[in-house]
Each structure stands twice: as structure tokens, then as C-alpha cells.
2 protein chains.
Amino acid sequence: MTVFPSAVQAPPSAPEILDRCRELVRPALTEAVGRLHPWVAEMAAYSFGWCEVGGAPAAAPGGKGVRQALAVLGARAAGADGRAGVPAAVAVELVHAFSLLHDDIMDGDTTRRRRPAVWKAYGTGPAVLAGDALFALAVETLAAAPGGPAAVRLLSTALADLVRGQADDLLFAARPFDGPEGVTPEEYRAMAEHKTGALLGCAAALGATLGGAPEPVVAALDRAGRHLGVAFQLVDDVLGIWGDPAVTGKPVGGDLRERKKTFPVLAALGSPAARHLPALLDRPEEAAALIEEAGGRTAALTEARAHTAAARSLLTEVPPATADELLRLLDFLMARDL
Amino acid sequence: MTVFPSAVQAPPSAPEILDRCRELVRPALTEAVGRLHPWVAEMAAYSFGWCEVGGAPAAAPGGKGVRQALAVLGARAAGADGRAGVPAAVAVELVHAFSLLHDDIMDGDTTRRRRPAVWKAYGTGPAVLAGDALFALAVETLAAAPGGPAAVRLLSTALADLVRGQADDLLFAARPFDGPEGVTPEEYRAMAEHKTGALLGCAAALGATLGGAPEPVVAALDRAGRHLGVAFQLVDDVLGIWGDPAVTGKPVGGDLRERKKTFPVLAALGSPAARHLPALLDRPEEAAALIEEAGGRTAALTEARAHTAAARSLLTEVPPATADELLRLLDFLMARDL
């Protein structure tokens, strides 16, 4: 009853877990994308890094495949073979791709994984269409899987949360940093849970549902994934200010210059020391020092650790062998160069 | 077991059927939209004609509500109360609204029902988001309804067809009228079935499913709706060339000037008399005369009649009282000023 029959007894590392899950899921994902209209299928394949514009095969970097791995491990957490989670894995990877395509349009982001974003490469209208097609395909894939209505309900909740988080994120840009209309750290946390956590939680919960897990295990995995999402977003924010641009791929101080409402900034604004911070954001080095001095960095990392701990404690609901793999994945995702 | 208990014995007219179905569905549709993020809910309400930009109440023209009526009548065709079809009606109206929002972006259409399109009124990014939210809400609504996986499967098939039809429609614009790469009348028919027919068929089939209809009735209603969609699109094409602009709300010769691949044009090109037609499209009056002379108008209307007849014959699967209401609706939709 393991996904990865192997003579080797050493437990797989997180990158190995990700690789094996990707291999397990890839045929079904390829088959699903192949059912799309050929033009739309090309845009989808481009977004996964499988081809260039025009359709020539490529091996561009796709995502890490965290969501598909969570779905496979979710099925194993239910005591099932990882294969039972494959339709869930396909659905969540399709939803993730859909959300990247549409978010890049909304956010005006022109590149994604060091290539032109789909809307830059194919046009806005076609990218809207391709996103819609991936969304529809995700629902179709899950509706056709045994596991039925409960699975579709989980996915539709995550989709609604995803859209809600993106709406808040877009609206944050138009709101001030402080004052009565200011974005609060609590609003930020809710946005991050919806925008990033909901689909991670859904991935694991869906896998568990298809694997036949009892409701408490499904709910625990869903909540663990949501905590993981918030923690991940917080670490992302810290890296966006203090990370090495060569590693993050983001320009130094970009988030600050764009006046993004990130957690370290919002938390720093709770301290009187930081009251001039909003006026300083065009000078990222000074701003970063002030945020650190005002406790913004520490607050973000403390909050991230609290969410990681919450995710960990929820994994006590899961059989030890699978919990162990999930924890290794969690540690891997959190252990970026801070 | 009727939706509309009434002391009046005369059968309702098509506009009455549409009005009553709209009244029956409206509370559930309003409740569903109210569950959205407030900003997104406003865009959705604007698109339904319920409010102005900013949220002030309005009574702008919404759609005719054909899809919701088909869902309600679908439930009655199953021998159930029309109320059983309400979740289906809500889902298909949400999907229809989603597709209009995104299609207007893709097609660059700046007005919709004589008001600015959502993307013109709120921006492209927000309109993409609002469409996504309506899509997610449709799936959520149906997944929560009793009737479950079969209903979600029907909807996801229609969604996939919708996207496929829109992809073909967008690609037709870049293809020539004739020659080996030319769009064929058969490709046109498939596009219209996917883009317009799939959701009409799905509406009736979903209502029937929620009403507990046997599979052959569900399938017959689905196919009838698809034929209705093709017929409707053909009549639309004829009106786009020969209709009264005061009635259609479209500029005279607009479809011709935009070089749209409409059925009358494609059919006319089958005749040698029309070989210079593509060069003539900038002179809509001459082009319209040539298309008529080459048999394009007659071909479109003959084809529309064939699809209407096919839809009618499928309704023999449905109990007579409901079939009668469906036929009245069909006649009403087809009897536009030709």
C-alpha cells in the first residue's frame, strides 16, 4: 500500500517525494490537457513548461508540484494507494494553472518562471479563455472521478476562497497602509489563507476524500494546508524584502517599491517607530532597515512559525508514515534561504 | 405539481412563462450572488442589470432568462415541481453571466444590453475575476444541490463545450472565408452548438436531472437545447445582415463589415455566384444582395428550420403539458422579425 514501491529503505527526501508524485500524476495530467481544444491545449502546455509558443516541445521549469504531491499524500493518509489521489492531483494542478494565468492578467505580471506570462505570449483574450478551459477541465476531471459530490464540494469551496483572496489582494492595492481604512494584519492573514492556503488544503483534503478517509482526517488535512499556505506566503514576503534576488528571482526591494501590503510592513506599522514608513518605501534599503527595527521581520517569522506549528499538530490525525512525508515536504517548503 | 398554481386556465404565453420562471428563480439567484465577495457581487449584480456602477439599485434590462426557464421546465418535464429545477436555473444563469463577461473581454465588445460591458465599467482584471467568481459559484451551487454528481458532470461537459466553441469562434476570425483553410458551414454549426447550444441543452437537462427524470428524457432535452442553440444562432446571423437595426440594436451591416464568418456568408460562398463576396464585405448593401442571390439567406433559414424541427421532435419524450410550454418558448425565440 505505498505509492512508490522501492527496494530502498531510506525515506525519500522532499525533492524525491515531489519528483515521484510528479511522475505518478504526469500521464493523467497530460491526458486531461490533451482533451482540450488544440489551441487551448497549447497554451496550457506552455504554462506547464511543456512547450514553447507554437507548440515545439520544451522542458521549461514548471512549478514544484506541491499541490499534486499533497493530493497523492492525502490519498495515502487515508490508507489508500497514492494512485487514488491522482484525479485530485490533476484537478488541483489545473486549478493552480488557471489561477496563475488569470492572476498574471489581473496583476499585470509580464513574466512567470522566467518566461513571458501566457497573456504576454498569446494575448489577453486567449489567456482568459485558456484559464477558463483549465478551470472547466478541473471540475470535469473531479466530477468523473469516483468520490463524487463531496470532492466537487471541496473543490468549489476552495475555488470560491481563491477568488475571494484574489479580490482582497487586488483591493488592498487601493487601500492605505494605516488609518481607519488601512489594511490590518488580520485581513492580510485571511487573504493569504484564501489566496494560497485554500488550494493547498483542498489538495490534501481531496486526495484524502478520494482515498476514502474519514471526515476528521479530511478536515485536519484541509486546515493543515491552509496554515501551510499562510506560512508560505509570510516567508515569501520576508524573502521579497530581505531575500537574495539571485535566489528569489525578484528585483531587490520590488515589493516595497510597488507598495505591496505585505505582512512585515503591516506588522511594523503597529509600532510608533515605523510611522514614517509609507513615505520611505521608494528607498528600499532604508525602508527594510526600518521595518526590521520596528519588528516587522520578527513578527512575520514568528507568525509563520505559529502557522507551521499549527499545521504540524494537525498532522497527528494522519498515519505516521504519511505524516512523516508531509512534514518533510513542509520543512522543505519553509526552509528557503531566510 | 405545477410551478405556477393559478386560477386562470388559459396556458401562459412565452413571455409569461419567462416572467414566472424569473420570479421563481430570483430569490435563490440573489442569495447566491450575495455570498460573493462584496466587490465581486457588485460586478455580478451590474451584469444582471440589478445595479449601477457603485451599487445604486437599477432595473436595467437583464437577459430574457431563457436558460433559467429551460431549467425550471426541465424539472417539470421530469414530473417534478418546477422548484426542483431552481438550483439548476441558478447555476446556468451564473454560467451564462460568466461567459458574457469573459467573451466581451475576448471579443473587445464594449457594450452589453445598451450599457458599458463589465470590463469597460470596472476594468479588465476585475471583470476576469468576476467571471471566475460566477463560474465557481455555479459549480458550488450545483454541488450543494441534491442530484449531485450527475448534475455536476452535465454542467462540466457544457462548460468544456462552451470554451471549445469560444475558441473556435475566436480562431475563425483569423481564418479565410474560402480555400483549403476556409471555415466550413459544418465547422460553423459545431461552433454554434458548442458556444450557444451546449448551455441551453444543459439547462433543460440539469433541471430534468434534479427533477429525477430518467436518462432518455435528460438526453432528449439536452439534444433539443443544442438544436435550439444552433437555430437561434442562425437566426441571429440572418438578423445581423437583414434585420432592422432599431430592433436588433446592431449597426446595419456590422457583421459583414467585421468580416464575421456567419452562416449566410459561408453558405453563399458555396455558390460560384458569390466568389467575389469576400472583397465586397465593406459595402454591406451590395454584399447582402449578393449573399441573398447566392442562396445564403435561404440556406440559413432552411438550416434553422431543420434544427427547430429536430428540437420539436425530441420533445415527444416529454410529458405533453411541459412539452407544450417548451414549444411555446421555442416558437417565441424563433419568431423574431425576419
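Residue numbering note: each chain is counted from 1, following its sequence as written. Going through the entries in the order they are written, you letter the chains from A and number the ligands from 1. Local features in this predicted model are restricted to residues whose pLDDT is 70 or higher, and side-chain atom pairs enter the listing and the counts only when it is 80 or higher, whereas totals over whole chains, interfaces and linings include all residues. As a rule here, side-chain values cover all heavy atoms of the structure and leave hydrogens and water aside.

- Chain A is annotated in an unreviewed UniProt entry as Polyprenyl diphosphate synthase of Streptomyces diastatochromogenes.
- Per UniProt, the comment on chain A under Sequence similarities (unreviewed entry) is "Belongs to the FPP/GGPP synthase family." UniProt positions are given in the numbering used here, feature names are shortened, and annotations may be inferred rather than shown by experiment.

1. Brief notes about the overall build of chain A
Line of reasoning, step 1. By the criteria applied, helices consist of DSSP H or I runs no shorter than four residues and strands consist of E runs no shorter than two, each listed in order from the N terminus. When helices and strands are counted, chain A shows 16 helices and 2 strands.
Line of reasoning, step 2. Seen along its three principal axes, the alpha-carbon backbone of chain A occupies a region of about 55 × 45 × 35 Å.
Line of reasoning, step 3. When each of the 338 residues of chain A is scored for burial, the buried share is 57%.
Line of reasoning, step 4. The Shrake-Rupley method, run with a 1.4 Å probe sphere, supplies the accessible areas, and residue values consider only the shown protein chains as cover. Surface exposure of chain A reaches about 13,400 Å², of which carbon and sulfur atoms provide 56%.
Line of reasoning, step 5. Counting rule applied: Lys, Arg positive; Asp, Glu negative; His and chain ends not counted. Where a charge lies is defined by one atom per residue type, namely NZ (Lys), CZ (Arg), CG (Asp) and CD (Glu). Of the charged side chains in chain A, 32 are positive and 40 negative, and the gap between their average positions amounts to 1 Å. Partly exposed describes any residue whose relative accessible area lies between the buried limit of under 20% and the exposed limit of over 50%, with all areas from a 1.4 Å probe on protein chains only and scaled to the type maximum.

2. Here's the deal with the relation of the copies chain B and chain A
Line of reasoning, step 1. When the copies are superposed, the least-squares fit draws on C-alpha atoms of residues that have pLDDT of at least 70 in both. If you rotate chain B by 180° and push it 0.0 Å along the axis, it lands on chain A with an RMSD of 0.0 Å. Both copies are brought into coincidence by an operation consistent with a two-fold rotation axis. Scanning chain B for the C-alpha nearest the rotation axis identifies B:Pro149, at a separation of 2.6 Å.

3. Things to note about the packing of helix 8 (residues 185-210) of chain A against helix 9 (residues 215-242) of chain A
Residues and elements named next belong to chain A.
Line of reasoning, step 1. Axis definition: a line fit to C-alpha positions, over the contact stretch in the case of helices; interaxial angles, taken between N-to-C directions, run 0 to 180 degrees. Two numbers describe how helix 8 lies on helix 9: the axes approach to 6 Å, and their chain directions differ by 140°. The orientation of helix 8 relative to helix 9 falls into the category oblique. In this structure, helix 8 crosses over helix 9, and the sense of that crossing is right-handed.
Line of reasoning, step 2. Any residue outside Ala, Val, Leu, Ile, Met, Phe, Trp, Tyr, Cys, Pro, Asp, Glu, Lys and Arg is labelled polar, Gly included; the first ten of those are nonpolar and the last four are charged. Class assignment of the residues belonging to the contact of helix 8 with helix 9 gives a composition of 13 nonpolar, 8 polar and 5 charged. Here is the rule for angles: anything less than 35 degrees is roughly parallel, anything more than 145 is roughly antiparallel, 65 through 115 is roughly perpendicular, and the remaining ranges are oblique. We call a crossing left-handed when the near helix sits turned anticlockwise from the far one by less than a right angle, and right-handed when that turn is clockwise.

4. Remarks on the side chain of A:Arg67
Residue and element names in this part refer to chain A.
Line of reasoning, step 1. Mapping Arg-67 onto the fold places it in helix 3 (residues 66-77).
Line of reasoning, step 2. Buried within the structure, Arg-67 lacks any salt-bridge partner; Glu-93 is the closest side chain of opposite charge, at an N-O distance of 5.4 Å.
Line of reasoning, step 3. We define a polar contact as two N or O atoms separated by no more than 3.5 Å, with the added condition that, inside protein, one atom must be a possible hydrogen donor and the other a possible acceptor, whereas residues neighbouring each other in sequence contribute only through side-chain atom pairs. There is a polar contact of 3.3 Å between the side chain of Arg-67 and the side chain of His-96.
Line of reasoning, step 4. In what follows, a contact means two residues having at least one pair of non-hydrogen atoms within 4.5 Å. Residues contacting Arg-67, with those up to four places away along its chain left out, are Val-92, Glu-93, His-96, Leu-199, Leu-200 and Ala-203. In what follows, salt bridge is the name for a side-chain nitrogen of Lys or Arg lying within 4 Å of a carboxyl oxygen of Asp or Glu.

5. A look at the interface of chain B and chain A
Line of reasoning, step 1. If you look at the interface, chain B gives 34 residues, while chain A gives 34 residues.
Line of reasoning, step 2. Defined here as a combined quantity, buried area equals the accessible surface (1.4 Å probe) lost by two parts on assembly, summed across both. The contact between chain B and chain A buries some 2,900 Å² in all, and 78% of this surface belongs to carbon and sulfur atoms.
Line of reasoning, step 3. Summed over the shared surface of chain B and chain A, the number is 0 salt bridges.
Line of reasoning, step 4. The tally of links from chain B across to chain A stands at 8 residue pairs in polar contact (both at pLDDT 80 or more).
Line of reasoning, step 5. Secondary structure elements with two or more residues in the side of chain B that touches chain A: helix 2 (38-47), helix 4 (86-107), helix 6 (124-144) and helix 7 (148-172) of chain B.
Line of reasoning, step 6. The element contributing the most residues to the side of chain B that touches chain A is helix 7 of chain B, with 13 residues.
Line of reasoning, step 7. Its residues assigned to classes, the side of chain B that touches chain A shows 22 nonpolar, 6 polar and 6 charged.

6. Side note on the pattern of salt bridges
Line of reasoning, step 1. Overall, the coordinates contain 34 salt bridges over all chains when judged by the stated rule.
Line of reasoning, step 2. Linking B:Asp81 and B:Arg83 is a salt bridge whose minimum nitrogen-to-oxygen distance equals 3.0 Å.
Line of reasoning, step 3. Each of the salt bridges in this network shares a partner with another, and the network as a whole consists of A:Asp161, A:Glu186, A:Arg189, A:Glu193, A:Asp222 and A:Arg226.

7. Looking at unusual backbone geometry
Line of reasoning, step 1. A positive phi angle, near 50°, is found at A:Arg113, a position not held by glycine.
Line of reasoning, step 2. Structurally, A:Arg113 is set in the loop between strand 1 (111-112) and strand 2 (115-116).
Line of reasoning, step 3. With phi around 60°, B:Arg259 is a residue other than glycine that occupies positive phi space.
Line of reasoning, step 4. Secondary-structure assignment places B:Arg259 in the loop between helix 11 (254-257) and helix 12 (263-268).
Line of reasoning, step 5. What makes B:Arg259 partly exposed here is its relative accessible area of 35%.

8. Focus: the environment of A:Ala299
All names here are of chain A.
Line of reasoning, step 1. Along the chain, Ala-299 falls in helix 15 (residues 296-314).
Line of reasoning, step 2. Residue Ala-299 is classed as partly exposed on the basis of its relative accessible area, which comes to 27%.
Line of reasoning, step 3. Considering only alpha carbons, one finds Ala-299 and Gly-55, 244 residues apart in sequence, at a separation of 46 Å.
Line of reasoning, step 4. Setting aside residues up to four positions removed in sequence, Ala-299 forms contacts with Phe-263 and Ala-267.

9. Focus on the nonpolar core
Note that soluble globular proteins tend to have their nonpolar side chains buried in a common cluster.
Line of reasoning, step 1. In plain words, nonpolar cores are sets of buried Ala, Val, Leu, Ile, Met, Phe, Trp, Tyr and Cys residues tied together by side-chain atoms within 4.5 Å. A:Leu277 and B:Leu277 are the most contacted members of the largest nonpolar core, which has 254 residues in total.
Line of reasoning, step 2. The residues contacting A:Leu277, other than those within four sequence positions of it, are A:Val265, A:Ala268, A:Leu269, A:Ala287, A:Leu290 and A:Ile291.

10. Comments concerning helix 8 of chain A
Turn by turn, an α-helix covers 3.6 residues, leaving residues three or four places apart pointing in a common direction.
Residue and element names in this part refer to chain A.
Line of reasoning, step 1. The length a helix should cover is 1.5 Å for every residue beyond the first. With 26 residues, helix 8 should cover 38 Å at 1.5 Å per step; its first-to-last C-alpha distance of 35 Å lies within 8% of that length.
Line of reasoning, step 2. Here the bend at a residue is taken as the angle between two axes, fitted respectively to the seven residues that end there and the seven that start there. At Gly-197, helix 8 is deflected by roughly 50°, the largest bend along its length.
Line of reasoning, step 3. Extensive coverage of helix 8 is indicated by the burial of 20 of its 26 residues.
Line of reasoning, step 4. Of the residues flanking the end of helix 8, it is Gly-212, one or two places downstream, whose phi is positive at about 85°.

11. Remarks on the environment of A:Val252
Residues and elements named next belong to chain A.
Line of reasoning, step 1. Summarising the element assignment, Val-252 is placed in the loop between helix 10 (245-248) and helix 11 (254-257).
Line of reasoning, step 2. Overall, Val-252 belongs to the exposed group, its relative accessible area being 55%.
Line of reasoning, step 3. On a C-alpha basis, the gap between Val-252 and Gly-240 in space is 7.5 Å, while along the polypeptide they are 12 residues apart.
Line of reasoning, step 4. Discounting residues that sit within four places of it in the chain, Val-252 has contacts with Pro-245 and Arg-257.

12. Describing the confidence of the model for chain A
Line of reasoning, step 1. A score from 0 to 100, pLDDT tells how confident the predictor is in each residue. Confidence along chain A averages 93 in pLDDT terms, with 96% of residues attaining 70 or more.
Line of reasoning, step 2. Model confidence for chain A, summarised as mean pLDDT per element, is weakest for helix 10 of chain A at 76 and strongest for helix 5 (residues 118-122) of chain A at 98.

13. A short note on helix 4 (residues 86-107) of chain A
Residue and element names in this part refer to chain A.
Line of reasoning, step 1. Helix length check: helix 4 (22 residues) gives 31 Å between terminal C-alpha atoms against 32 Å at 1.5 Å per residue, within 8%.
Line of reasoning, step 2. Burial within helix 4 is extensive, with 20 of its 22 residues counted as buried.
Line of reasoning, step 3. Directly beyond the C-terminal end of helix 4, a positive phi value near 70° is found at Gly-108.

14. Regarding the packing of aromatic side chains
Line of reasoning, step 1. For this analysis, a ring pair means two rings from Phe, Tyr or Trp (six-membered ring only for Trp) whose centres lie within 6.5 Å, classed as stacked if their planes differ by under 30 degrees, edge-to-face if by over 60, and tilted for the remaining angles. Going through the model one piece at a time under the given rule, you end up with 9 aromatic pairs over all chains.
Line of reasoning, step 2. Between B:Phe48 and B:Trp50, the aromatic rings sit 4.9 Å apart at their centres with planes inclined by 25°, giving stacked as the arrangement.
Line of reasoning, step 3. Residue classification places B:Phe48 among the buried residues on the basis of a relative accessible area of 11%.
Line of reasoning, step 4. Three or more aromatic residues joined by ring pairs make a cluster, and in this case those are A:Phe98, A:Phe135, B:Phe98 and B:Phe135.
Line of reasoning, step 5. Its end group placed over the ring of B:Tyr46, B:Arg115 keeps NZ or CZ at 4.0 Å from the ring centre.
Line of reasoning, step 6. For a Lys NZ or an Arg CZ to count as sitting over a ring, it must be within 6 Å of the ring centre and within 35 degrees of the ring normal. Above the ring of B:Phe177, the side-chain terminus of B:Lys261 is found at 4.6 Å from the ring centroid.

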